[in-house]
Amino acid sequence: MAPGWLQVVCLLLLGMRAAHGTIEMQNAAAMAAGLCNTRPTDLVFIVDSSRSVRPSEFEQVKVFLAKVIEGLDVGPDATRVGVVNYASRVKSEISLKAHRAKAGLIKAVGKIEPLSSGTMTGLAIQFALNVAFSEAEGARVKSPGVSKVAIIVTDGRPQDNVREVAVKAREAGIEIFAIGVGRVDMNTLKQMASEPLEEHTDYVESYSLIEKLTLKFQEAFCVSDLCATGDHDCEQVCISAPGSFKCACREGQTLMDDGRSCSACSNAATDVVFLIDGSKSVRPENFELVKKWINQIVDKLDVAETRAHVGLVQYSSTVRQEFPLGRYTNKKDLKEAVRKMAYMERGTMTGQALRFLLDNSFTPTQGARPGVAKVGIVFTDGRSQDYIGDAAKKAKENGFKMYAVGVGNAVEDELREIASEPIADHYFYTADFKAMTQISKKIQINVCQEEDPCECDSIVKFQKKVEDALQALTKKYILSCVTKRISALENKIV
């Protein structure tokens, strides 16, 4: 039997998806091979070489610089690169006008020696603003077509003020990325970096891990078809622009405030409560990453008085409500409250936290709204020190949609016990805190069923309706014809 029109449509859809996947793989490979161009940029690395940075660690910083440079389109009309070295004093190692070709630039980076004294980060930023980004040193006249970027790498607390000079640099049009290593002061990174902070601050536990950031910065300067390479966060439709993109939604769906996700339920109200593990095993630097992860999910919500409300609970050996549902009705205030959350440390009482969710978080006295969908998002990095079974079961029996997210030493059986059905859609695990961004993209908090008109099961439903209608019409037509024939025969007999 020849395939029907339904099978043909489904095969076409599958073919289109397969072709798109092949294109994505080819473009990703091209980017990895450094085949994309980079937008015209004046880029200055500001590198801490104070005495806390050991010589072997400084060598790892230089390898990182060299690898970022390898992915750039270096040239007088493309990307110009400079390097500022600092400790108690500041030294211009490479000016923006010094090298027109990549090979000589990388060779010069390899010759830089550490200064091995104090940590005057503010002085280094001031030097970059006054000297490194000056026209005399090779910087181009400020224009929309040329980006000004500084990448600061530091491992300590500065001995001078950075806040005011960083503000001046940003006001002058310099985009600042701040990379912290080891025992760096996280508040200092935030004072230096451009907004949004989650995109302009990075932390690694040691210099041996700094190479992991290479791809991020290569992609940050890469001008390519970001939609084709898949290097975007658009949930449904990606529209390319030179070196950029914008997101859109299919017909009948609304683009959310984050500019990336879509919803057919944008007017629906939802109560969302985060249960966040603040035990000592998380560690302060990773706790900062957890807060960024929370705000990435908040970005996908339609936070408003009549729509999504968010509450936040932190737990360790005890449970502490950071803020209840409904206290913040806009994303700006909500995200700021998340950033201010202080780290508790101590133990891991996940069962106690789940009982708090049941007895307090989703009650009217704590801001929960009657008749509104309830979503709980539980994060942990270790085994619970108390029993979770009863509370986890009751939460789901009460109709709460429960997500379970684990990192590091989290016990996957416990995560599955917390997660709602289907478990594969509500339970996530990763060994690395830095991979949590991928999890935030997968969590879809929708309170109504969205139907994709391009899926084959939707076509099946449509075909069934058409076939039923055709059968009804056929029966009606045949009956009409038979009735007329009988009437004609009766007339002849009479």
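The rules behind these values
- Residues numbered from 1 in each chain as written.
- Predicted model: local features only at pLDDT ≥ 70, side-chain atom pairs only at ≥ 80, totals over all residues.
- Heavy atoms only, no water.
- Axes fitted to C-alpha atoms, helices over the stretch in contact; angles between N-to-C directions.
- Helix = DSSP H or I, 4+ residues; strand = E, 2+ residues; numbered from the N terminus.
- Parallel < 35°, antiparallel > 145°, perpendicular 65-115°, else oblique.
- Left-handed = near helix turned anticlockwise from the far one by under 90°.
- Contact = heavy atoms within 4.5 Å.
- Nonpolar A, V, L, I, M, F, W, Y, C, P; charged D, E, K, R; others polar.
- Phe/Tyr/Trp six-rings, centres within 6.5 Å; stacked < 30°, edge-to-face > 60°.
- Buried < 20%, exposed > 50% of the residue type's maximum accessible area, 1.4 Å probe, protein only.
- Expected span 1.5 Å × (residues − 1).
- Pairing = 2+ DSSP bridges.
- Salt bridge = Lys/Arg side-chain N within 4 Å of Asp/Glu carboxyl O.
- Polar contact = N/O pair within 3.5 Å; in protein donor to acceptor, adjacent residues only side chain to side chain.

Draft legend 1. Spotlight on the packing of helix 12 (residues 350-361) against helix 13 (residues 389-397). Interaxial distance between helix 12 and helix 13 falls to 8 Å at its minimum, and their mutual angle equals 30 degrees. Considered as vectors, helix 12 and helix 13 are oriented roughly parallel to each other. For the pair helix 12 and helix 13, the sense of crossing is left-handed. In this structure, helix 12 contributes G351, L354, R355 and L358 to the contact, and helix 13 contributes A391, A392, K394 and A395. In terms of residue class, the contact of helix 12 with helix 13 is built from five nonpolar, one polar and two charged.

Draft legend 2. Just the packing of aromatic side chains, in detail. With the rule as written, the count across this model stands at eight aromatic pairs. Considering the side-chain rings of F64 and F217, the 6.1 Å spacing of their centres and the 75 degrees angle between planes classify their relative orientation as edge-to-face. Separated by 153 residues along the polypeptide, F64 in helix 2 (residues 55-70) and F217 in helix 8 (residues 214-220) bring together distant segments of the chain. F64 sits in the buried class, given a relative accessible area of 0%. Assessed through its relative accessible area of 0%, F217 is described here as buried. With centroids separated by 6.0 Å and ring planes inclined at 50 degrees, the aromatic side chains of W293 and F379 adopt a geometry described as tilted.

Draft legend 3. Structural detail: unusual backbone geometry. Along the chain, E195 connects to P196 via a cis peptide bond; the corresponding omega equals -10 degrees. With respect to the helices, strands and loops of the structure, P196 is situated in the loop between helix 6 (186-192) and helix 7 (197-200). In this structure, P422 follows E421 across a cis peptide bond, with omega equal to -10 degrees. Within the secondary structure layout, P422 lies in the loop between helix 14 (412-418) and helix 15 (423-426). Backbone geometry at R283 places phi at a positive 75 degrees, although glycine is not the residue there. As for its position among the elements, R283 is in the loop between strand 13 (270-277) and helix 10 (284-299). We classify R283 as partly exposed; its relative accessible area is 39%.

Draft legend 4. Summary view of helix 2. The terminal C-alpha atoms of helix 2 lie 23 Å apart, and with 16 residues this matches the ideal 22 Å at 1.5 Å per residue to within 8%. Along helix 2, the residues classified as buried are E57, F58, V61, K62, F64, L65, A66, V68 and I69. Tucked into the core, helix 2 has its buried residues touching strand 2 (41-48), strand 3 (79-86), helix 3 (102-110), strand 5 (147-154), strand 6 (174-181) and helix 8.

Draft legend 5. Highlighting the sheet that holds strand 4 (residues 90-94). As summarised here, the arrangement of the six strands in space is 4-3-2-5-6-7, forming an open sheet in which the pairing is mixed. Edge positions in the sheet fall to strand 4 and strand 7 (201-204), since each of these pairs with one other strand and no more. Direction aside, neighbouring strands of the sheet carry axes that sit 20 degrees apart on average. Looking at chain direction, strand 6 and strand 7 are connected through four bridges and run parallel. Bridged to G180 within strand 7 is Y203. Against the sheet, helix 2 contacts strand 2, strand 3, strand 5 and strand 6, and its axis sits at roughly 170 degrees relative to strand 2.

Draft legend 6. How the structure looks around the pairing of strand 14 (residues 308-315). Most of strand 14 sits out of view: eight of its eight residues are buried. Of the two faces of strand 14, both are covered, the one formed by A308, V310, L312 and Q314 as well as the one formed by H309, G311, V313 and Y315. Bridge count between strand 13 and strand 14: eight bridges; the pairing is parallel. Paired with D271 across the two strands is H309, which belongs to strand 14.

Draft legend 7. Focus on the pairing of strand 15 (residues 319-323). Both strand 14 and strand 15 contribute to a ladder of four bridges, which runs antiparallel. Looking at the pairing, Q314 lines up with R320 of strand 15.

Draft legend 8. Focus on the pattern of salt bridges. Counted under the stated rule, the structure contains 23 salt bridges. For the salt bridge of E59 with K62, the shortest nitrogen-to-oxygen distance reads 2.9 Å. Taken together, the residues span about one helical turn, with E59 and K62 both in helix 2 at a distance of three residues. Judged by relative accessible area, E59 falls into the partly exposed class, the value being 40%. Residue class for K62 comes out buried when judged on its relative accessible area of 6%. Residue K91 is joined to E93 by a salt bridge in which the shortest nitrogen-to-oxygen separation is 3.9 Å. The partly exposed category is assigned to K91, whose relative accessible area is 36%. Note on E93: relative accessible area 22%, which makes it partly exposed.

Draft legend 9. Layout of the sheet that holds strand 16 (residues 373-380). The six strands lie next to each other as 15-14-13-16-17-18, forming an open sheet whose pairing is mixed. Each having just a single partner strand, strand 15 and strand 18 (427-430) make up the two edges of the open sheet. Each adjacent strand pair in this sheet contributes to an overall mean axis angle of 15 degrees, direction not counted. Of the strand pairs in this sheet, strand 16 and strand 17 (residues 401-407) are connected by six bridges, and their pairing is parallel.

Draft legend 10. Region of interest: the environment of D386. Inspection of the secondary structure puts D386 in the loop between strand 16 and helix 13. A relative accessible area of 16% means that D386 is categorised as buried. In this structure, the C-alpha to C-alpha distance between D386 and M349, residues 37 residues apart in sequence, is 5.6 Å. Ignoring anything within four residues of it in the chain, the contact list for D386 reads T348, M349, T350, G351, Q352 and R355. A polar contact is formed between the side chain of D386 and the backbone nitrogen of T350, at a distance of 3.3 Å. From its side chain, D386 meets the backbone nitrogen of G351 in a polar contact 2.9 Å long.

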